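Single-letter residue listing:
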Amino acid sequence: MKRFLAIVLLILAPGLTAWSGDTAPWFVGPGIRLGYVFGENGGFSFGWELSVFTWTRWDPKGDRDGVVGIVFDMDRCRSTTKFHVGIEGSQRFVGMSIGPTLITRDKERFLGFTATAYGWYIFLPYYSYTFVGGGTDVHEVGDYIKLWIPLTNERLFSVGG
């Protein structure tokens, strides 16, 4: 099952920007996650994230006003560690990431699914829900602190004309 999901993500990734009609700049976004997990296994959490994404036009005739990409993250809260891979998309300052998650808790392993909604720009507040098959689901709120590093020869923002 895990291999199947990884293969599907790799097949879909190049097509995520196919509808944009032009070559868009690509970025890598390393960052850290600081959050709080609610519930019996809760507490403060810490982790890292790495995303690879490009700008896209949700409206083919409009400006590049969103991003699509792939995200990898890992975070830890007490005895719980989550490894997540997913696809992400955003429209201006609101975005969402979804995908499978491997959860380890007290030497047990679970396969789950995480959906994360986030907002803003450099400091990205988020809410994340992880369905844990056979275990306790995880609700988390927090903040991403990320950098956007261009992989192509374009700037993230241009000033002036």
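A short tour of the structure in this document, coming up. (Residues numbered from 1 in each chain as written. Predicted model: local features only at pLDDT ≥ 70, side-chain atom pairs only at ≥ 80, totals over all residues. Heavy atoms only, no water.)

A short note on the nonpolar core
Grouped burial of nonpolar side chains is what soluble globular proteins tend to show. Counting 6 residues, the largest nonpolar core consists of V37, C77, I103, F110, V132 and V138. Excluding its chain neighbours within four sequence positions, the residues that come into contact with V138 are V37, K82, R105, S128, Y129, T130 and V132. (Core = buried A, V, L, I, M, F, W, Y, C linked by side-chain atoms within 4.5 Å. Buried < 20%, exposed > 50% of the residue type's maximum accessible area, 1.4 Å probe, protein only. Contact = heavy atoms within 4.5 Å.)

Here we look at the packing of aromatic side chains
Within this structure, the stated rule accounts for 7 aromatic pairs. When the ring of W55 is compared with that of W148, the centres are 5.9 Å apart and the planes differ by 65 degrees; the resulting orientation is edge-to-face. Placement of the pair is W55 in strand 2 (residues 43-56) and W148 in the loop between strand 8 (138-146) and strand 9 (149-150), with a sequence separation of 93 residues. A relative accessible area of 17% means that W55 is categorised as buried. A residue is classified by how much of its surface remains accessible, and W148, at 21% relative accessible area, is partly exposed. Each ring, one from Y126 and one from Y144, has its centre 4.7 Å from the other, and the planes form 35 degrees; the classification is tilted. Placement of Y126 in strand 7 (residues 123-132) and of Y144 in strand 8 is noted, with a sequence separation of 18 residues between them. Through successive ring pairs, a cluster of aromatic residues spans F27, F53, W55 and W148. When the ring centre of Y126 is taken as reference, the NZ or CZ atom of R33 above it lies at 4.7 Å. (Phe/Tyr/Trp six-rings, centres within 6.5 Å; stacked < 30°, edge-to-face > 60°. Helix = DSSP H or I, 4+ residues; strand = E, 2+ residues; numbered from the N terminus. Lys NZ or Arg CZ within 6 Å of the ring centre and 35° of its normal.)

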